[in-house]
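Here are the chains, one letter per residue:
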Amino acid sequence: MSLVDALTDPLEDENETPISERGPAPIQVVVAFGFWLFLLSDVVMFSALFAAYAVLSGQTAGGPAGPQLFDRMNVLMETGCLLASSFTCGLCTLSFEARNRTATYLWAAVTFALGAAFLAFELTEFTRMIAHDAGPTRSAFLSAFFTLVGTHGLHVTFGLGWLVTMMAQVATLGFHPMVLRRLRCFSLFWHALDIVWIGVFTIVYLGAH
């Protein structure tokens with residue numbers, strides 16, 4: 001056997017096509033890679049927002065600072081809702097994998113309700129602050145605060161819309177592998193939002209001085 005024959009991949013002989021030219025990777029690999037890139041881009045964005053807040057948190061322009069504005073009990077209830085929704089989101093995914101349609105809908109509904117409650121608490125806080133002349137244009141500190149917390153809130157809003165879409169797909173497509181793959185992506189996204197919120201809760205609210 002010649003050296004060329006020894007270095008030839010048997011699979012290439014069978015398919016008569018080099019491995020590098022046989023088409024894209026399996027869809028599971030492509031989806032997973034693309035979605036992790038999306039999550040990493042979100043991490044970079046929130047890291048920049050946290051850095052901006054850290055720099056501007058003391059720039060109140062003579063206006064109110066965090067301790068005068070934040071209702072920590074309200075924030076604690078927000079945090080409880082979002083962390084609980086992460087748990088119920090996991091139960092929703094497990095129910096889908098167990099092919100239990102009723103439990104899937106139930107835990108999805110609970111997750112949606114907890115996420116909506118989180119947004120309600122957040123909007124109440126924003127409304128109260130703006131009513132007391134502490135809007136995003138009042139100071140650099142408030143601009144950074146509204147941008148960071150508001151961006152997270154927009155992600156939660158997007159997540160709720162995504163969850164509704166997923167349940168519509170469960171209703172129409174059933175327990176299809178494609179639906180499970182998308183539901184797992186949603187679950188990762190939702191858990192990532194919880195991690196970001198823990199950073200917001202610790203740095204913005206507990207760190208207010």
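Small disclaimer: the values here were computed from a predicted structure and weren't measured. (Residues numbered from 1 in each chain as written. Predicted model: local features only at pLDDT ≥ 70, side-chain atom pairs only at ≥ 80, totals over all residues. Heavy atoms only, no water.)

1. Points about unusual backbone geometry
Keep this limit in mind: Secondary structure elements are defined from DSSP: runs of H or I of at least 4 residues count as helices, runs of E of at least 2 residues count as strands, and each element is numbered from the N terminus. Using a 1.4 Å probe on the protein chains alone, a residue whose accessible area is under 20% of its type maximum counts as buried, one over 50% counts as exposed, and one in between counts as partly exposed.
In this structure, arginine 99 is a non-glycine residue whose phi angle is positive, near 60°. Inspection of the secondary structure assignment puts arginine 99 in the loop between helix 5 (72-97) and helix 6 (101-131). You can call arginine 99 partly exposed: its relative accessible area is 45%.

2. Looking at the environment of tyrosine 105
Operational definition: Whether two residues touch is decided by their heavy atoms; if any such pair falls within 4.5 Å, the residues are in contact.
Tracing the sequence through the fold places tyrosine 105 in helix 6. With near-sequence residues (within four places) excluded, tyrosine 105 lies in contact with Met167, Val170 and Ala171.

3. A closer look at the confidence of the model for the protein chain
Put simply, the rule is: The score called pLDDT rates the predictor's confidence residue by residue, from a low of 0 to a high of 100.
The predicted model of the protein chain averages 85 in pLDDT, with 85% of residues at 70 or higher. Contacts of residues 1-14 to residues separated by more than four positions or lying in other chains number 8 contacts, the stretch itself having pLDDT below 50.

4. Details of the packing of aromatic side chains
Heads up, the condition is: Two aromatic rings from Phe, Tyr or Trp, using only the six-membered ring of Trp, form a pair when their centres are within 6.5 Å; if the ring planes differ by under 30 degrees the pair is stacked, by over 60 it is edge-to-face, and anything between is tilted.
Within this structure, the stated rule accounts for 19 aromatic pairs. Taking 6.1 Å as the distance between ring centres and 55° as the angle between the ring planes, the aromatic pair formed by tyrosine 53 and phenylalanine 141 counts as tilted. Linking tyrosine 53 in helix 3 (residues 27-56) with phenylalanine 141 in helix 7 (residues 140-173), this pair joins segments that are 88 residues apart in sequence. As far as burial versus exposure is concerned, tyrosine 53 and phenylalanine 141 are alike and both buried. Both rings, one in phenylalanine 145 and one in phenylalanine 146, keep their centres 5.4 Å apart while their planes meet at 85°; by these two values the pair is edge-to-face. Owing to a relative accessible area of 0%, phenylalanine 145 belongs among the buried residues under this scheme.

5. Section: helix 5
Quick reminder of the rule: Working rule for helices: expected span equals 1.5 Å times residues minus one. In protein, a polar contact requires one atom able to donate a hydrogen and another able to accept it; more generally it is a pair of N or O atoms within 3.5 Å, and residues adjacent in sequence count only if both atoms are side-chain atoms.
Taking 1.5 Å of rise per residue, 26 residues should cover 38 Å, and helix 5 covers 38 Å from first to last C-alpha, within 8% of that figure. Between the side-chain oxygen at the start of helix 5 and the backbone nitrogen of methionine 73 there is a gap of 3.2 Å, and the oxygen is on aspartate 71. Arginine 99 sits one or two positions beyond helix 5 and adopts a positive phi of about 60°.

6. Looking at the nonpolar core
Rule in force here: Put simply, buried Ala, Val, Leu, Ile, Met, Phe, Trp, Tyr and Cys residues joined by side-chain atoms within 4.5 Å make one nonpolar core.
Counting residues in each nonpolar core, the largest one holds 48 residues, and the members touching the most others are Phe145, Trp197, Val200 and Tyr205. Looking at this core, the elements that each hand over two or more residues are helix 3, helix 5, helix 6, helix 7 and helix 8 (177-206). Setting aside its immediate chain neighbours within four residues, tryptophan 197 contacts Val75, Glu78, Thr79, Leu82, Phe118, Glu122, Val149, His152 and Tyr205.

7. Describing the state of the cysteines
What we call a disulfide is simply a covalent bond connecting the sulfur atoms of a pair of cysteines. The following threshold applies: Any two cysteine sulfur atoms within 2.5 Å of one another count as a disulfide.
Scanning all chains against the criterion turns up 0 disulfides. Cysteine 92 takes part in no disulfide bond, and the closest cysteine sulfur, belonging to cysteine 89, lies 6.3 Å away.

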